[in-house]
Amino acid sequence: MEELRRAYSRLCKESGAEPQESVLQQLQELSRGRLDLATQSLTVDSCRALGKLLQKGSLLTELILSDCMLSEEGATLLLQGLCVNTVVRFLDLKGNNLRATGAEALGKLLRQNKSIQSLTLEWNSLGTWEEAFATFCGALAANSALRQLDLRNNQISHKGAEELALALKSNASLQQLDLRWNHIGLLGGRALVNCLPSNRTLWRLELAGNSIPGDVLRAVEQAMDHNQDRQTAFRENQARTHVLSKEVQHLREEKSKQFLDLMETIDRQREEMARSSRASAVRVGQLQEALDERHSVIKALKAKLQMAEAALALSEQKARDLGELLAAAEQERRSQAQRQAKEHRLEQQEAAERESKLLRDLSAANEKNLLLRNQVDELERKAKSQQEQLFLARQELSNTAAELKLRAVQAEERLELEKKRSRQSLEDSEHLRFTEVEHMTRHLEESERAMQERVQRLEAARLSLEEELSRAKAAALSERSQAEEELVKAKNQVRLEEQRLAHLEEKLRLLAQARDEAQSACLQQKQTVADAQARASQLGVQVEGLQRRLEELQQELSNKDQEKVAEVTRVRVELQEQKGRLKAELTAQEALKEKVAALERQLKVIASDHREALLDRESENASLREKLRLKEAEIARIRDEEAQRASFLQNAVLAYVQGSPLRTLSPQK
């Protein structure tokens, strides 16, 4: 396609004109030899270049030039190029207003071109100039390649129809002619009807829109139907003649081949009879030797079969021994499972004892809490009495207000320090507890995942091993649940201790509020403190005693926290020991399972080897029997063929002597 585009550009430049972009684009998009230039306004220079291109173009089979507004000169140049073209089969010149010069150029095209089979000339003015149209019709009469012609809307009169009728009498190739929407009239219609008996190739003629009477149109239709039937019958006769000629030729060749084959068959049969008589004797001797060899091979195979049976008996004995070993291993595993169950029960008893001990400690701590509450209540009552005494001894407290304030500040600092220490210790213990609990849960989850993966790998083992694994898994889950319950209990104990500490802090806060109220009362009653100095000293001693009591309570709380931490560490150590024992038991069980799997694999290998050996022996015996049967059948077939050949030869000789037809002597294929 690029070659055509370059050639068009070169031809345009040679003539001194610029190539049209629309034409270049269509040449670029050329598909399947179809050049569509419809509705493109082609200049004279483009028509000249296209005419020269069509003289040499070997790729275009369809040329569409409809509605291109071709001038007389441009159309003449294009048609001159098509005169020597031998490739274009379809030409469309619709709607180009071709006149006298165009009709003469078309006549020249029809006389010289031998490749165009379809020509569309709709919406032109070819019938306006009678002499030019007569030239066109004369060329149509001499054309032998055109099959379809479209002359719709060409202003063809009755004289033009008469010229067409004369052309149709001489034309022997046109099959379809479209003359709709012209001015043919009655005279032209009669001329066409009169010419149709002389034309036997035209089977489609369209005359609508020409003011032709109905009887003339019916006569045209009858003539077209007659020609169509004639064409159909002619094509059928040609096909039948071709088939019959092929059959006759085939019969002649077959008859000659049969005669030659018969003579060759007689010669070959004579030679084959001599060869087969010699070869049969040799084959009988060979088959006898092969039969002797097969007998010896069968005897050797029987001896091998006996040896294989003995080996099979030995392998069965080994399989029984392995089964006994497997039963012993199973018994040992059961005993280990019983020991594990006993140890588990003992551990459960120990856990119950620890739980009871923790409950006892908890009850003792509750009793201590009750005692502390009673003591706090007593202290509150004493504080109330002291407040009453302070109210009476306002003047005495005025001198000792500064000392009391200093001691109160020191007491507050001590309390804050103790509170911070207790809170820090509680937070540290809580953090340690959380980290330990997370570590234990993570470790338990990892162990559980490992156990599940091992169980999935050993699912293909025997059903008994699967049941034991499920029981071990259930035991591990129960132990995990027990450990989680113990952890929950420890958490509950810590929560109770926290609540108790919060309660004590609330009490301390109330005491601080009471102290603040006492200080405010002291400020208000400074003048009355001078009379109550002795009582103030006593109250200072009592305050110091209360502070010592608070320190003792804080010491007891710290001791309780230490005991709780020790108990948690002991429980953690016990859980780790239980976990180690469970891992050891699982490794022992896995070792036993691997031993069992190895024994089973050995049994399967021995059994498969034995089965393969038996199958090989059976296949060898079957193949030997099949070979013997085939040899015997071949001997019988050779004898039958020799007898049949002898009878065929005898019949052929008799038939040849008696002069019978050759077809009856040909052997059946």
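Quick note: structure is the one above.
Let me sum up the structure you'll find in this document.

1. Describing the sheet that holds strand β3 (residues 90–92)
Moving on, step 1. Spatially, seven strands are ordered β1-β2-β3-β4-β5-β6-β7 in an open sheet, and the strand pairing comes out parallel. On the outer flanks of this sheet lie β1 (34–36) and β7 (204–206), each paired with one strand and no other. Between one strand axis and the next, the sheet turns by 0 degrees as a mean value, whatever way the strands run.
Moving on, step 2. By the bridge criterion, three bridges tie strand β2 (residues 62–64) to β3 in an arrangement that is parallel. Looking across to β3, one finds that Leu63 is bridged to Leu91.

2. Some words on helix α5 (residues 100–112)
Moving on, step 1. An ideal rise of 1.5 Å per residue puts 18 Å on 13 residues; α5 measures up with 19 Å between its terminal C-alpha atoms.
Moving on, step 2. Every buried residue of α5 is listed here: Gly102, Ala103, Ala105, Leu106, Gly107, Leu109 and Leu110.
Moving on, step 3. Looking at the buried positions of α5, the neighbouring elements they touch are α4 (72–83), β3, β4 (118–120) and α6 (130–142).

3. Considering the pattern of salt bridges
Moving on, step 1. Scanning all chains against the criterion turns up 17 salt bridges.
Moving on, step 2. One salt bridge connects Asp36 with Arg34, and the closest N-O pair in it is separated by 3.7 Å.
Moving on, step 3. Owing to a relative accessible area of 39%, Arg34 belongs among the partly exposed residues under this scheme.
Moving on, step 4. Between Arg645 and Glu272 there is a salt bridge; the shortest N-O distance is 3.2 Å. Here the residue Arg645 occupies a position in helix α12 (residues 533–658), and Glu272 occupies one in helix α9 (residues 214–392), the gap between them amounting to 373 residues.
Moving on, step 5. Several salt bridges share partner residues, and in doing so they unite Glu122, Asp150, Arg152, Asp178 and Arg180 into one network.

About the criteria used
- Residues numbered from 1 in each chain as written.
- Predicted model: local features only at pLDDT ≥ 70, side-chain atom pairs only at ≥ 80, totals over all residues.
- Heavy atoms only, no water.
- Pairing = 2+ DSSP bridges.
- Helix = DSSP H or I, 4+ residues; strand = E, 2+ residues; numbered from the N terminus.
- Axes fitted to C-alpha atoms, helices over the stretch in contact; angles between N-to-C directions.
- Expected span 1.5 Å × (residues − 1).
- Buried < 20%, exposed > 50% of the residue type's maximum accessible area, 1.4 Å probe, protein only.
- Contact = heavy atoms within 4.5 Å.
- Salt bridge = Lys/Arg side-chain N within 4 Å of Asp/Glu carboxyl O.

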